[in-house]
Amino acid sequence: MENNKEFQFKTNLNCGGCVAKVQSALDNAEGLLHWNVATDNADKILTVKSEGITEDEVITIIKSKGFKVEPLL
């Protein structure tokens, strides 16, 4: 399990409404300390501070809500 890491993802979360659709799932995800989406960035960067959640688990959450997401290297 990956502890205390920061992940960044390119998404298509374009606005506050899109962010609201994933908010509950991310807020309630076990092992996720903090998250935010830079909707003003062209790549709509989602930053996640992990306390145990994995990159793949974050991707699964976002995709389950109907949005595109890919990890930034």
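Scroll up for the structure.
Parameters at a glance
Residues numbered from 1 in each chain as written. Predicted model: local features only at pLDDT ≥ 70, side-chain atom pairs only at ≥ 80, totals over all residues. Heavy atoms only, no water. Helix = DSSP H or I, 4+ residues; strand = E, 2+ residues; numbered from the N terminus. Contact = heavy atoms within 4.5 Å. Areas by Shrake-Rupley, 256 points an atom, 1.4 Å probe, with all protein chains shown as cover. Lys, Arg positive; Asp, Glu negative; His and termini not counted. Charge placed at Lys NZ, Arg CZ, Asp CG, Glu CD. Core = buried A, V, L, I, M, F, W, Y, C linked by side-chain atoms within 4.5 Å. Buried < 20%, exposed > 50% of the residue type's maximum accessible area, 1.4 Å probe, protein only. Arc of directions from axis to C-beta. Polar contact = N/O pair within 3.5 Å; in protein donor to acceptor, adjacent residues only side chain to side chain. Pairing = 2+ DSSP bridges.

## Overview of the overall build of the protein
Here's step 1: From N to C terminus, the protein includes 2 helices and 4 strands.
Here's step 2: The order of helices and strands in the protein, counted from the N terminus, is β-α-β-β-α-β.
Here's step 3: Counting only contacts in the protein whose residues sit at least 6 apart along the sequence, the fraction spanning at least 24 positions is 62%.
Here's step 4: Accessible surface, the protein: about 4500 Å² in total, of which carbon and sulfur atoms supply 44%.
Here's step 5: Taken together, the 8 basic and 11 acidic charged side chains of the protein have centroids lying 8 Å from each other.

## Side note on unusual backbone geometry
Here's step 1: In this structure, lysine 44 is a non-glycine residue whose phi angle is positive, near 50°.
Here's step 2: By the secondary structure assignment, lysine 44 is in the loop between strand E2 (32-38) and strand E3 (45-50).

## Quick notes on the nonpolar core
Here's step 1: Within the largest apolar cluster, 20 residues are counted, with the highest numbers of intra-cluster contacts made by Phe9, Leu26, Trp35, Leu46, Val48 and Ile62.
Here's step 2: For this core, the elements supplying multiple residues, two or more each, are strand E1 (6-11), helix H1 (16-27), E2, E3 and helix H2 (55-64).
Here's step 3: Contact partners of phenylalanine 9, with chain neighbours within four places excluded, come to Lys44, Ile45, Leu46, Val48, Glu55, Val58, Ile59, Val69, Glu70, Pro71 and Leu72.

## Topic: H1
Here's step 1: For H1, the set of buried residues is Cys18, Val19, Val22 and Leu26. All buried residues of H1 lie within an arc of 85° about the axis, which places them on one face of the element. Exposed residues lying more than 90 degrees from the buried face of H1 are Gly16 and Lys21.
Here's step 2: The elements touched by buried residues of H1 are E2, E3 and H2.

## Description of the side chain of threonine 11
Here's step 1: The topology assignment puts threonine 11 in strand E1.
Here's step 2: You can call threonine 11 buried: its relative accessible area is 8%.
Here's step 3: Engagement of the side chain of threonine 11 in a polar contact is seen with the backbone nitrogen of leucine 13, the distance being 3.2 Å.

## Topic: the pairing of E2
Here's step 1: Alignment of E2 against E3, held across 6 bridges, turns out to be antiparallel. Bridging across to E3, leucine 32 finds its partner in serine 50.
Here's step 2: Once E2 ends, the chain turns through 6 residues before running back antiparallel as E3, passing lysine 44 with a positive phi of about 50°.

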